[in-house]
Amino acid sequence: MKSELNKNNLVFQRPRGTIDIYPPSSFFYKKVYDVVTKILTKNNYSLIVFPTFEHEELFTAHLGDDIIVHKEMYTFSDRKGRKLVLRPEGTLCTARMVIQNSLLKEGYQNKFYYWGNMFRYERPQKGRYREFLQLGVELLNASGIYADYQILSLTRDILVSLGISNFTFRINYLGSKKTQKSYELEIKKTIQNSKFELCLQCKYRYENNPLRILDCSDCGYSNIFPEYKIVWNNEDKSYVESLDNFLAKFNFPFCYDYSLVRGLDYYTGLIFEVSLINEKTAILGGGRYDELYSKIIQKEVPAIGFAIGVDRLVNYLCENKLLDSERKIDLFFFVTTNIWYERLLSLLDIFKNNDLIIDYNLKPKQRKYLSKTIEYYRPRLLVLLDKEEQIKIIDCLEKKTLWTTLDKLTQNIKDIFSH
Ligand code: HAM
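Here goes a summary of the coordinates provided. Small disclaimer: the values here were computed from a predicted structure and weren't measured.

1. Things to note about the sheet that holds strand 3 (residues 74-77)
A sheet is described by the order of its strands in space; here three strands give the open sequence 2-4-3, paired in antiparallel fashion. The open sheet terminates on both sides in strands that have one partner only, identified here as strand 2 (53-55) and strand 3. Within the sheet, the average angular offset between the axes of one strand and its neighbour, ignoring direction, is 35°. Relative to strand 4 (residues 83-86), strand 2 runs antiparallel, the two being bridged by three bridges. Opposite Glu-54, over in strand 4, you have Val-85 as the bridge partner.

Here it is as structure tokens:
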């Protein structure tokens, strides 16, 4: 049915930067969710769910002085005047949840994942929305290269299990906040010595968050700055060397991108992003944030995590035909008269414990609608429940009648669908 709504009827237009998800693309979301959850569960990661909105201060205090905080947050006041924010990301929500519920135990790791919509007031374009779905993974109380590798290899496994093979992890090593400060001085020095004009936003960044000048697409100066590694101290160098060797030993697909800085302020140490071939935007990003918890609870909680942009991932999978989009109905019962329904319902009980997808029409339909119904539902098998002598089980793929009695139904269906 074509939309009969007047285009100017704003009430029935979705807000700018949002998307509707419905079949068949919703099947892809479900598939991604199933694949990812299976891998994470196998690796002992547990699901967490936090509120869609949090106190504004959670983000203003810890996301740094950048545009997410200044321009992109959906901030509102509730009836009591409390300042709240629709969550723009999940790492801080996880930290708030973990701290408030005392989930940390010294000497033990916490392994969490979340699947949730995030909100950022960005300029909408392909793959960039104002409400978008993220799958986030956080590994807490875990430092060192084995923890880094667990997160990197988990991310790789998720991509591979979705049929994506052509990717490289772009990584950089930010080091501690002190190392980052040294690099900020290098950035400022380079800008002072060059004649380049910064965009309005980067003029602000120059004063407040110079690292972000590196990934400004408007200025595009990322290659005028010295390589990040010039500010690594001996400790940073030896960590990077061990990590490099380890990744190489396990054939991990990575390359250094010294202009990679990431948009969020809490990162220290390893950071990474993956962009897929021919895609401008990153499909996922993450990194280590060893100093975030200590700023809130004065306790060392080394941590690393990542988040996948699920909408971007699903777009990519659809465009590259990497998942079978159609959910196939296995069995459709076409009922032509009311007298069949009671028998049909007890028949359906037999199939309760298997995985077949089964449907039937809820009001009797005339036989003349049979082929239209097959066309619409595209079932593998259709059972025509007509008058007693006119039962037919039709193989819709082969377009032939298989048998004409219900007696054989369950056994034969088991045989058909077991391979
Ligand atoms: P992020 O890089 O801001 O990191 O977001 C992660 C992913 O979410 C991006 O790579 C992208 O695929 C997707 N994404 C971001 N913004 C949008 C948008 N406007 N529309 C569609 N997709 C978008 C974080 O959020 C960190 N919390 C990740 C993390 C977890 N780091 C450590 N733990």
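2. Observations concerning the nonpolar core
In this structure, Leu-140, Phe-272, Tyr-293 and Leu-313 are the most contacted members of the largest nonpolar core, which totals 97 residues. Take this core: its biggest share by element is eight residues, from helix 5 (residues 145-161). Among all residues touching Tyr-293, those that are not within four sequence positions of it are Thr-94, Ala-95, Val-98, Ile-99, Leu-104, Leu-140, Gln-298, Lys-299 and Val-301. Counting 20 residues, the second largest nonpolar core, distinct from the first, contains Leu-331, Ile-393, Ile-413 and Ile-416.

3. What to know about the side chain of Asp-257
Among the secondary structure elements, Asp-257 is positioned in the loop between strand 8 (254-256) and strand 9 (270-275). A distance of 2.9 Å separates a polar atom in the side chain of Asp-257 from a polar atom in the side chain of Arg-170. Here Ser-259 takes part through its side chain, which lies 2.7 Å from a polar atom of the side chain of Asp-257. Those residues in contact with Asp-257 that lie beyond four places of it in its chain are Arg-170, Ile-171 and Asn-172.

4. Focus on the packing of aromatic side chains
Scanning all chains against the criterion turns up 23 aromatic pairs. Seen from their ring centres, Phe-53 and Phe-76 are 6.0 Å apart, and the 75° between their planes marks the pair as edge-to-face. Residue Phe-53 is located in strand 2, and its partner Phe-76 is located in strand 3; the two are separated by 23 residues in the primary sequence. Looking at Phe-53, the relative accessible area reads 44%, which means it is partly exposed. For the ring pair Tyr-149 and Phe-250, a centre distance of 5.2 Å and an interplane angle of 35° mean the geometry is tilted. In this pair, Tyr-149 is assigned in helix 5 and Phe-250 in the loop between helix 8 (234-249) and strand 8, connecting sequence segments 101 residues apart.

5. Overview of the environment of Asp-236
Note that Asp-236 resides in helix 8. For Asp-236, a relative accessible area of 6% puts it in the buried group. For Asp-236 and Arg-96, which are 140 residues apart along the polypeptide, the C-alpha to C-alpha distance reads 29 Å. Ignoring any residue separated from it by four or fewer positions in sequence, one finds Asp-236 in contact with Tyr-173, Gly-175, Thr-179 and Val-231.

6. Some points on the packing of helix 5 against helix 8
Running from amino to carboxyl end, helix 5 crosses helix 8 at an angle of 45°, the nearest separation of the two axes being 10 Å. Between helix 5 and helix 8, the angle falls in the class oblique. Read as a crossing pair, helix 5 and helix 8 show a hand that is right-handed. Contacts between helix 5 and helix 8 involve Ile-145, Tyr-146, Asp-148, Tyr-149 and Leu-152 on the former and, on the latter, Tyr-239, Ser-242, Leu-243, Phe-246 and Leu-247.

7. Digging into the environment of Tyr-341
As for its placement among the helices and strands, Tyr-341 is situated in helix 11 (residues 341-350). Residues in contact with Tyr-341, not counting those within four places in the same chain, are Val-335, Tyr-360, Asn-361, Leu-362, Lys-363 and Pro-364.

8. Section: the pattern of salt bridges
All told, the structure shown has 18 salt bridges when counted by the stated rule. One salt bridge in this structure joins Glu-273 and Arg-262, with 2.9 Å as the shortest N-O distance. With Glu-273 in strand 9 and Arg-262 in the loop between strand 8 and strand 9, the pair connects residues that are 11 residues apart, well separated along the chain. Judged on exposure class, the residue Glu-273 and its partner Arg-262 are both buried. The partner of Arg-367 in a salt bridge is Asp-386, and the shortest N-O contact between them spans 3.1 Å. With Arg-367 in the loop between strand 13 (358-360) and helix 12 (370-377) and Asp-386 in the loop between strand 14 (381-385) and strand 15 (392-395), this pair connects stretches of sequence that are 19 residues apart. The class of Arg-367 is partly exposed, set by a relative accessible area of 33%. Each of Arg-170, Asp-257, Arg-262 and Glu-273 takes part in salt bridges that share partners, so that together they form one network.

9. Description of unusual backbone geometry
A cis amide bond links Pro-23 to the next residue, Pro-24, at an omega of 0°. Here Pro-24 is to be found in the segment before helix 1 (25-42). A positive phi angle, near 70°, is found at Arg-262, a position not held by glycine. A relative accessible area of 13% means that Arg-262 is categorised as buried. With phi around 50°, Lys-321 is a residue other than glycine that occupies positive phi space. Inspection of the secondary structure assignment puts Lys-321 in the loop between helix 10 (310-319) and strand 12 (331-335).

Conventions we followed
- Residues numbered from 1 in each chain as written.
- Predicted model: local features only at pLDDT ≥ 70, side-chain atom pairs only at ≥ 80, totals over all residues.
- Heavy atoms only, no water.
- Pairing = 2+ DSSP bridges.
- Helix = DSSP H or I, 4+ residues; strand = E, 2+ residues; numbered from the N terminus.
- Axes fitted to C-alpha atoms, helices over the stretch in contact; angles between N-to-C directions.
- Core = buried A, V, L, I, M, F, W, Y, C linked by side-chain atoms within 4.5 Å.
- Buried < 20%, exposed > 50% of the residue type's maximum accessible area, 1.4 Å probe, protein only.
- Contact = heavy atoms within 4.5 Å.
- Polar contact = N/O pair within 3.5 Å; in protein donor to acceptor, adjacent residues only side chain to side chain.
- Phe/Tyr/Trp six-rings, centres within 6.5 Å; stacked < 30°, edge-to-face > 60°.
- Parallel < 35°, antiparallel > 145°, perpendicular 65-115°, else oblique.
- Left-handed = near helix turned anticlockwise from the far one by under 90°.
- Salt bridge = Lys/Arg side-chain N within 4 Å of Asp/Glu carboxyl O.

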